[in-house]
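# Descriptive analysis of the structure
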Amino acid sequence: MPPRRRGASGYRGVRLHPNGGYYSEIRSGDLRLSLGTYETAHEAARAFDAAAWRLGRPRGQMNFQDVHTLQQALDVAPPPRLNTAQDRAEHAARQRRLLIAQEDERVMAE
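As annotated in an unreviewed UniProt entry, the protein carries the name AP2/ERF domain-containing protein and comes from Hordeum vulgare subsp. vulgare. Its UniProt record, at the heading Subcellular location (unreviewed entry), says of the protein: "Nucleus".

### So, the overall build of the protein
Of regular secondary structure, the protein possesses three helices and three strands. Taken from the N to the C terminus, the helices and strands of the protein come in the order β-β-β-α-α-α. Out of the 110 residues in the protein, the part that is buried amounts to 30%. Counting contacts in the protein only where the partners sit at least 6 residues apart, residues at least 24 apart contribute 40% of the total. Approximately 7500 Å² of the protein is accessible, and the part contributed by carbon and sulfur atoms is 55%.

Rules behind the numbers
Residues numbered from 1 in each chain as written. Predicted model: local features only at pLDDT ≥ 70, side-chain atom pairs only at ≥ 80, totals over all residues. Heavy atoms only, no water. UniProt positions renumbered as here; feature names shortened; annotations may be inferred. Helix = DSSP H or I, 4+ residues; strand = E, 2+ residues; numbered from the N terminus. Buried < 20%, exposed > 50% of the residue type's maximum accessible area, 1.4 Å probe, protein only. Contact = heavy atoms within 4.5 Å. Areas by Shrake-Rupley, 256 points an atom, 1.4 Å probe, with all protein chains shown as cover.

What follows is the structure, encoded as C-alpha cells:
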C-alpha cells in the first residue's frame, strides 16, 4: 500500500479539528488509532511519529527525520490536549451558528 499523502495541515496523520485544535490519528491495518487533539499541527505530527515508531514504521513514513530512536520520539511527543466542557460548548455553539447561516442562505436563495 502506498504511503498516505500529507493533508492540508502539511503533516501525515494530522488534520484540523472543528474545535480549533489539531487531531492526530494513525492507521494500523484496518484499525484507526486516535492519538488525541493538540494545540498545534507540529505537536500532533510529533505524536503521530511516536506512534509510528511504536508500530515499527519505516522512517520514510514519518513526518520528521530528526528522530532516530523510539525513546527520542517519545521524549518529543507532547501529551494530548484535554477537551473540556467549555471546548465542547463552544463547538456546539459554532455548529448552531453555522446551521442557522446555512438555513438563511437557503431561504434567501429561494
